[in-house]
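Results of the structural survey
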Amino acid sequence: MKLGGEEEGRGGNRKRLLLAAIAAAVAFGYYLISQELGHLDLQGLLEDLSNTLGAWTYLLVGAFAFAETGAFVGLVVPGETVMLLGGAVAGQGAIDIYLLIAIAWFSAWAGDTTSFFLGRRLGREFVMKHGPRFGISHERFERVEDYFSRHGGKTIFIGRFISLVRAFAPFIAGSSGMRYRAFVPYSILGTGLWASAHILIGYFFSRSIETAAKYAGKGAFLLATLIVVVAGSIFLYRHFRVAENRVATVRWMEGHAATRWLVVLGRRYRPQFQFLWDRVTPGGTFGLEFTSLMAVLAVSLFVLVAYAVLIGREPGPTPGDVTAMDVVEHLRVAWLTDLSKVVTFLGSGIFTWSLTVICAALLFARRRWTELGVLLAGMTLTSIGFHEVKDIVDRPRPEGGLVAATDSSFPSGHAANSVLYVWLAVTVVLRLRPGMARGAVVVVGGIALTVLVGLSRVYLNVHYLSDVSGGWALGAAAFSFCAAIGLVISQVRQNPRQ
């Protein structure tokens, strides 16, 4: 017995020595690499890379952003690397950062959507048949289905930042029966934040890549700290998931003066804490509505700010504006000009504010205070917004307008005001008459009217297409922001007090 114990001890010592040798080798290798990197002209290498890729970076970033989930490439090549590379190239001035983010964002969302519908098309039968080959048993997939039915939204959002989850989550969401309208808001927010964050990191560090290299050691320390925090959080979650452990912890806290007040505070404000937790946790009716509004707000603000910055640098027409003007020239006829003058009036301040007053009176009569507040606040914020942005950007209008127009061109006030029609249609269908017959027709009609008002400004040659796009973005941002606040206020008012 003693001899066996000695052999086991010697075996343990050899393992410890081996681990120590490996650790020393890794540390020594890291030292050599860091010393060698210190002699490299990293900034020069990055400039050479920027000159080599140039505009091809748009295609590279877009392809990888799409393939990350659309073709499961994320299992092999992490898309973050390509996003960082694209941001670094933009930081050298070879490409435009706003266009790069837009392409990456759209491509990543398109990849998520493709994977989602691929999963829906193949169905759970496909996973049930082929899943066991990849370690996805029937029982495991059924648990995943149940999880997605309860927490699908936050899995899509948070999973966008975890490579393995990002590659499979949209596919499993589609095959598990998750509805696309419940999927898309979280996908838009997740892909937008993921693409923007990594591209901006590459963009800012490209100005001084040596600084980024110096921070590598600090980053490793922060990563180790994060791993410890995550591991501890997982342990605590699993521990307190058991009811007996929660009861024992509360009993222990009650027995000590230093922690007793926490128990009293928790019991006193438990309904409020529970309400706050439910509100910040994606899922449920409120979570879906709020996340949808945040998705609209994020996209709208990005479009508005990106156009404002680009036009502020160069106030002339963009390539898209030139194309739109060429199309209009081929379409211009007398009767269409007369019709456009009628349609464009529907976006004027006189007409939209008159309609707002009428709708406000109807909402007041029905005591729909939340919808009333959002309507008035949204239109007010829109009116203030486009006047302020016009003064800041101060873009000249196109020459040869077919109707009278004053002040600067960007953004289009008519296009911004016309978002009112979309808001009215969505409010009627989702809030005032939920489940109404042909509700989709009403929403499509509101969208179509908003689009026609904006395009009439381009046809009449008083706005560029980018002006109209900026106006739509401003109106959508104003109404989604006010609607999100109204939604939170209505939920707080409905929260039962105990």
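Data block above holds the structure.
These lines cover the structure that appears in this document, whether it is placed above or below. As the structure is a prediction and not an experimental result, all values here were calculated from the model.

Next up on the list: the overall build of the protein chain. Across its full length, the protein chain holds 21 helices and zero strands. Evaluated residue by residue, the protein chain yields a buried proportion of 39% over its 498 residues. Partitioning the contacts of the protein chain with sequence separation of at least 6, the portion at a separation of at least 24 is 78%. Taken as a whole, the protein chain presents about 28,500 Å² of accessible surface, with 69% of it coming from carbon and sulfur.

It is worth spelling out the environment of R395 at this point. When you line up the elements, R395 lands in the loop between helix 18 (369-393) and helix 19 (413-432). Placed 87 residues apart in sequence, R395 and A308 show a C-alpha to C-alpha distance of 9.7 Å. The residues contacting R395, other than those within four sequence positions of it, are I311, P315, G316, P317, T318, D321, S408, S409, F410, Y464, S466 and D467. Among the polar contacts made by the side chain of R395, one reaches the side chain of D467 at a distance of 2.7 Å.

Here helix 15 (residues 319-331) is 13 residues long and its end C-alpha atoms lie 19 Å apart, about the 18 Å a rise of 1.5 Å per residue gives. Of the residues making up helix 15, those classed as buried are D321, A324 and V328. Down the axis of helix 15, the buried set is contained in an arc of 65 degrees. They therefore lie on one face. Among the exposed residues of helix 15, those pointing more than 90 degrees away from its buried face are P319, E329 and H330.

What follows is about the pattern of salt bridges. Tallying each qualifying case throughout the model produces nine salt bridges. Where E289 meets R431, a salt bridge forms, and the shortest distance between an N and an O atom there is 3.2 Å. In this pair, E289 sits in helix 14 (residues 284-313) while R431 sits in helix 19, placing the two residues 142 residues apart along the sequence. Under the relative-accessibility criterion, E289 is labelled partly exposed at 30%. The salt bridge partner of R431 is E371, with a shortest N-O separation of 3.5 Å. Here R431, found in helix 19, pairs with E371, found in helix 18; they are 60 residues apart in sequence, far enough to count as distant. Through salt bridges with shared partners, a single ionic network connects E289, R368, E371 and R431.

Tracing the backbone through its elements, the reader meets T344 in helix 16 (residues 334-345). At a separation of 3.2 Å, a polar atom in the side chain of T344 contacts the side chain of S456. In terms of polar contacts, T344 uses its side chain to reach the side chain of R457, at 3.0 Å. Filtering out sequence-adjacent residues up to four positions away, T344 remains in contact with H414, S456, R457 and L460.

What follows is about the packing of helix 16 against helix 20 (residues 439-459). Here helix 16 crosses helix 20 at 130 degrees, and the two axes come no closer than 9 Å. The orientation of helix 16 relative to helix 20 falls into the category oblique. In the packing of helix 16 onto helix 20, the handedness of the crossing is left-handed. The segment helix 16 lies against helix 20, with L336, T337, S340, V343 and T344 engaging L452, V453, S456, R457 and Y459. By residue class, the composition of the contact of helix 16 with helix 20 is five nonpolar, four polar and one charged.

Scoring rules and cut-offs
- Residues numbered from 1 in each chain as written.
- Predicted model: local features only at pLDDT ≥ 70, side-chain atom pairs only at ≥ 80, totals over all residues.
- Heavy atoms only, no water.
- Helix = DSSP H or I, 4+ residues; strand = E, 2+ residues; numbered from the N terminus.
- Buried < 20%, exposed > 50% of the residue type's maximum accessible area, 1.4 Å probe, protein only.
- Contact = heavy atoms within 4.5 Å.
- Areas by Shrake-Rupley, 256 points an atom, 1.4 Å probe, with all protein chains shown as cover.
- Polar contact = N/O pair within 3.5 Å; in protein donor to acceptor, adjacent residues only side chain to side chain.
- Expected span 1.5 Å × (residues − 1).
- Arc of directions from axis to C-beta.
- Salt bridge = Lys/Arg side-chain N within 4 Å of Asp/Glu carboxyl O.
- Axes fitted to C-alpha atoms, helices over the stretch in contact; angles between N-to-C directions.
- Parallel < 35°, antiparallel > 145°, perpendicular 65-115°, else oblique.
- Left-handed = near helix turned anticlockwise from the far one by under 90°.
- Nonpolar A, V, L, I, M, F, W, Y, C, P; charged D, E, K, R; others polar.

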